[in-house]
Amino acid sequence: MMLFNSTARRIHPMRAGTVFGLQRNAFASLQGTLRKRTPVISALDSRNRGVRRATLQAGEGKSGHINTAPNEGILFFDNVFPLRLQWLLRVPFSPEDRVPGLLNSLTSPGLTAGDPLNLIEKAMKDKTPVDIVEVLPRLKEGGEFVKFTHNETMPSDVIERAIKEYLKEKPIKPWWNPFVRMRVNLVRGRPWVEDLYRLPTSRLKVEFLPSKPGEEAVELSQEQLYAHFRPYGKLSDIIPQPQDSKILPKFAFLDFTAPRRAIMAKNCMHGYLVSDAEGGGKSGTIIRLTYEQKRKAHWFWDWLVNHPRVTIPAVAAIVASVTIAIFDPIRTFFIKTHITRSFHIADSRIYRWFKTQATDILRLHNKQDDDAGMEAIWDDRRGNIEQIKTWLIETADTFIIVQGPRGSGKKELVIDQALKNKKYKLLIDCKPIQEARGDSATICAAAAEVGYRPVFSWMNSISGMVDLAAQGATGMKTGFSETLDTQLAKIWNNTATALRQIALEGRSKDDKDSHLGDDDYLEAHPERRPVVVIDNFLHKSQESGIVYDKIAEWAATLTTNNIAHVIFLTNDVSFSKSLSKALPDRVFRQISLSDSSPEVAKRFVINHIDSDADDEPEPDDGSKKLTPSQRRTDLAELDSCIESLGGRLTDLEFLARRIKTGETPYKAVREIIEQSASEILKMYIFGTEESTDSPRRWSVEQAWFLIKQLATTEELRYNEILLSDTYKSGGEAVLQALEQAELISIVGGPNGRPAAIKPGKPVYFPAFKRLTEDDVLRSKLDLAVATELIKIENANIDKYENELLLMSKLKSQPWQLTPRVQWLLGKVEASQAKVEKYEKECGVLKKVLGEEY
């Protein structure tokens, strides 16, 4: 009775017409069979309406297993449902109470391939009838378990064989997979019916377990595994556990040709006890089967992680390609707008219109104070301005260099005068680029000069760390990070592209030379090329030359490809060394700017003083209006003052501003000289390395030696200084460093070689004199120079004496050594005489320091 009650509970919920694909007539037939066996089926039918269908996916009572009594067996039918229905059971928001309704929809006759109950009835029609006890669908495996009872006269193998023969004679092929027929096999083990999120695969993992605790399991051979599992489908491979593996329990892998073959084998053979006769040992061995992924869930990611030598360069190449494809056109656009000033408000027509209209209401100055008085300078340099304009309309592919000391007006000459009417010009200041600290700051400074954006300078540091880590892991550089050289090259190349596009913007199909190619067109029209002005070239070049090397190479590319004209503005007289590397076969066009002559300097100062004359009201008495310079009576001192001050524009402008405030020329020049003397002491004598941006490359004694020499004469011989004792060691490097620091200026001679040394500014000459007139300062620094020279001579004497000592240790004195000994003795005598001379000087200097303040 209990058996029939259980049967009724499990079958009745499909009363609506189908029992997992069973049609109404089949279900009626099954109910008729059951009514013959028990009269209580109708009563139970009304009591079990709420049975949850989800229990069918987790075994009887959610135990994960199907229990069988004597004379009971289990058949597994495959290809009953589409195998892809397994994905529906992986939906995390589908609770268990929704599964019965889902099964009612999925097990309809139109979806299932056939009715296993009907098949059993037809297959056993002429034989002993079989009673169906339970049907358990396996949606994720696309099949069904059918639990049945049989009498003792008919074993389960006979029933299995009968149903197989029936399916061979009348194969059932589902509409979703018409090439594969339904199959059936008897379940020989104890299947594990689970509802975990584990999807079927074509690989099974076979684990060998003991039948009882404490017993030892036997690892089946490949031949034995083949004999047990080949009946369920074709095997592609059998992979045993490696012999050196320590993993327990022992296992092996079975690879089937299709997932449905593996599903059939797992459901039929899981929990099967291999007897001693079958090779399972005395106590037997239980087979446990689980699906095994051939490819791990994260196999692609694992492959990437395990092959860094391939993946990291590939990622770097992809990033570079994406950067070029996406960001390079954007950066080129921003560079073009920076050059053409498309987004500058001051250049817009509306802004200019408002500015013009405002002049009727407000009195606006047409000139700034900084430009006041420059007409006299430009009149004096009119020839240089016209020369630059002429060079810009010629086709010669070479550089234009404007060289002159700092403050001589190079930038104003080129930008404000020579290129005043030039529409497209690009100014690149090397000073912020060279003074930037670190690669990221240098890249940002270079990008800002040309309008290169967006720029991800911080990525350079991050990619450098990634590259370093990858190098430590793989033992080789991956190329993920980019050096400063590469980053600068990208900025300059994008700028070259933008300049080329700007130069070709004016082309039209109606032009007479429209048949020419782009290169030929640019060569034929030098006036269409933009102008690139590179200011402060070779500024602090002794610190690092990579920036200037890249700029020179890029400038050479612009000129040789006829993309743009390039003008270099530099203070360094040795510019040809750097530029000749980029254009070794070209003759540069050069303009050298010097300090203004006394006449021009005087006109500049007077014009600067009179720059505000237009703002003064007319006199009430009707007399002639006088300029500020005409009203002053002390401007007669200008001639002598300018002679002392020199013709440097910055110093002249400083002088004019002081005079405008009411100071006399003499007082203004005196204040300027005193200020310059204090500046020299702070920067070159008493200042420390911490107070300057870069470490010093000269000593206090070397700087004072030049100051003292230049105080007596405005020009020194270059080689004469190098022969002095103070500059014998590294003299040329020290002189170049002092020139970069603007204490001195080196004048070039024939063939571009350095020939003479002058003060860095004309005002430094009277400042040097002022410093040497201070007895205490002069005595202190002369004492330091003398002390340094004594150290040098003592070191020379030690060297000579050591050589004499070495020769004295010889057993015999060859006569050939006599000249060498005489020479060494003479050197010792000369050095000793110098030491005595310096000692006497030190005594005098110490006396001065002890007596004066």
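Scoring rules and cut-offs
Residues numbered from 1 in each chain as written. Predicted model: local features only at pLDDT ≥ 70, side-chain atom pairs only at ≥ 80, totals over all residues. Heavy atoms only, no water. Helix = DSSP H or I, 4+ residues; strand = E, 2+ residues; numbered from the N terminus. Buried < 20%, exposed > 50% of the residue type's maximum accessible area, 1.4 Å probe, protein only. Contact = heavy atoms within 4.5 Å. Polar contact = N/O pair within 3.5 Å; in protein donor to acceptor, adjacent residues only side chain to side chain. Core = buried A, V, L, I, M, F, W, Y, C linked by side-chain atoms within 4.5 Å. Pairing = 2+ DSSP bridges. Phe/Tyr/Trp six-rings, centres within 6.5 Å; stacked < 30°, edge-to-face > 60°. pLDDT = per-residue confidence, 0-100. Axes fitted to C-alpha atoms, helices over the stretch in contact; angles between N-to-C directions. Parallel < 35°, antiparallel > 145°, perpendicular 65-115°, else oblique. Left-handed = near helix turned anticlockwise from the far one by under 90°. Nonpolar A, V, L, I, M, F, W, Y, C, P; charged D, E, K, R; others polar. Salt bridge = Lys/Arg side-chain N within 4 Å of Asp/Glu carboxyl O.

Asks: Which residues make up the overall build of the protein, and what are the values?
Replies: Helices and strands together make up the secondary structure of the protein, namely 32 helices and 17 strands. Sorting the 853 residues of the protein into buried and exposed places 44% on the buried side. Counting contacts in the protein only where the partners sit at least 6 residues apart, residues at least 24 apart contribute 72% of the total.

Asks: Explain helix α30 (residues 764–772) residue by residue, including any values.
Replies: Counting buried positions along α30 gives seven out of nine residues, so the element sits mostly inside the fold. Residues of α30 that are buried include every one of Tyr764, Phe765, Pro766, Ala767, Phe768, Leu771 and Thr772, and no others. In this fold, the buried residues of α30 make contact with α24 (638–645), α26 (665–685), α27 (700–710), β17 (754–759) and α31 (775–808).

Asks: Lay out the side chain of Asn185 with the relevant residues and their values.
Replies: Along the chain, the position of Asn185 falls in strand β4 (residues 183–186). The exposure class of Asn185 is buried, given its relative accessible area of 7%. Of the polar contacts made by the side chain of Asn185, one reaches the side chain of Lys164; its length is 2.7 Å. If sequence neighbours within four positions are ignored, Asn185 has contacts with Ile74, Leu75, Phe76, Glu160, Lys164, Tyr232, Met264 and Cys268.

Asks: I'd like a rundown of the nonpolar core, residues and numbers included.
Replies: Core analysis: the largest hydrophobic core is formed by 88 residues, its most contacted members being Val605 and Leu735. Ranked by residue count, the leading element in this core is α31, at 11 residues. In contact with Leu735, not counting residues within four places along its chain, are Leu706, Tyr718, Ile721, Leu722, Tyr727, Ile744, Ile746 and Ile757. Judged by nonpolar contacts, the second largest core, of 44 residues, contains Leu488, Ile534, Ala552 and Ala564.

Asks: I'd like to hear about the pairing of strand β2 (residues 131–138), residue by residue, with values.
Replies: Among the eight residues that make up β2, eight are buried, leaving the element largely enclosed by the rest of the structure. The sheet contact formed by β2 and strand β3 (residues 143–149) spans seven bridges and is antiparallel. Its bridge partner lying in β3, Arg138 is registered against Gly143. Here β2 hands over to β3 after four residues, with Gly142 in that stretch at a positive phi of 70°.

Asks: Outline the packing of aromatic side chains, listing residues and values.
Replies: Applying the stated criterion across every chain, the model contains 12 aromatic pairs. Seen from their ring centres, Phe251 and Phe253 are 5.4 Å apart, and the 65° between their planes marks the pair as edge-to-face. Phe251 sits in the buried class, given a relative accessible area of 8%.

Asks: Tell me about the confidence of the model for the protein, and name the residues and values.
Replies: Of the residues in the protein, 80% have a pLDDT of 70 or more, and the chain-wide mean is 80. Note that residues 1–55 has pLDDT below 50 and, in this model, 79 contacts with residues that lie over four places away or in other chains.

Asks: Could you give me a rundown of the packing of helix α22 (residues 598–609) against α24, with the residues and numbers involved?
Replies: Contact geometry of α22 with α24 gives a least axis separation of 10 Å together with a crossing angle of 115°. Taken together, the axes of α22 and α24 are roughly perpendicular relative to one another. Remark: the crossing between α22 and α24 carries right-handed chirality. Between α22 and α24, the residues in contact are Pro598, Ala601, Lys602, Val605 and Ile606 and Leu638, Asp639 and Ile642, respectively. Its residues assigned to classes, the contact of α22 with α24 comprises six nonpolar, no polar and two charged.

Asks: Can you break down unusual backbone geometry residue by residue, with the values?
Replies: Following Leu248, the chain continues into Pro249 via a peptide bond in cis, with omega recorded as -5°. Of note, the amide linkage connecting Arg453 to Pro454 takes the cis form, showing an omega dihedral of 0°. You can see Pro454 is positioned in the loop between α16 (439–450) and α17 (458–474). Within the chain, Glu742 stands out as a residue other than glycine whose phi angle is a positive 70°.

Asks: Outline the sheet that holds strand β5 (residues 203–210), listing residues and values.
Replies: Here five strands make up an open sheet; going across it, the order is β6-β7-β5-β9-β8 and the pairing antiparallel. With one partner strand each, in any of the chains shown, β6 (235–240) and β8 (273–274) form the two edges of the open sheet. Where β5 meets strand β7 (residues 251–256), five bridges bridge the pair, whose relative direction is antiparallel. Each residue of the ladder has a partner; that of Lys205, found in β7, is Phe253. Relative to the sheet, helix α7 (residues 222–229) contacts β5, β6, β7, β8 and β9 (285–291), its axis offset from that of β6 by approximately 140°. In this fold helix α8 (residues 259–269) packs onto β5, β7 and β9, with an angle of close to 145° to the strand it touches most, β9.

Asks: I'd like a rundown of the pattern of salt bridges, residues and numbers included.
Replies: Counting across every chain of the model gives 36 salt bridges. Residues Lys758 and Glu715 are paired through a salt bridge, measuring 3.6 Å at the closest nitrogen-oxygen approach. Of this pair, Lys758 sits in strand β17 while Glu715 sits in the loop between α27 and β15 (716–717), and the two are 43 residues apart along the sequence. With relative accessibility at 33%, the residue Lys758 sits in the partly exposed group. Note on Glu715: relative accessible area 44%, which makes it partly exposed.

Asks: Hey, could you go over the sheet that holds strand β1 (residues 72–78) for me, with residue numbers and the actual values?
Replies: Ordered in space as β2-β3-β1-β4, the four strands form an open sheet in which the pairing is antiparallel. Single-partner strands in this sheet number two, and they are β2 and β4. Strand-to-strand twist across the sheet, computed as the mean angle between neighbouring axes with direction ignored, equals 20°. As defined by bridge partners, β1 adjoins β3 across six bridges and the pair is classed as antiparallel. Residue pairing across strands places Gly73 opposite Phe148, the latter belonging to β3. On top of the sheet, helix α6 (residues 156–169) reaches β1, β3 and β4; it is set at about 170° to β4, its chief contact.

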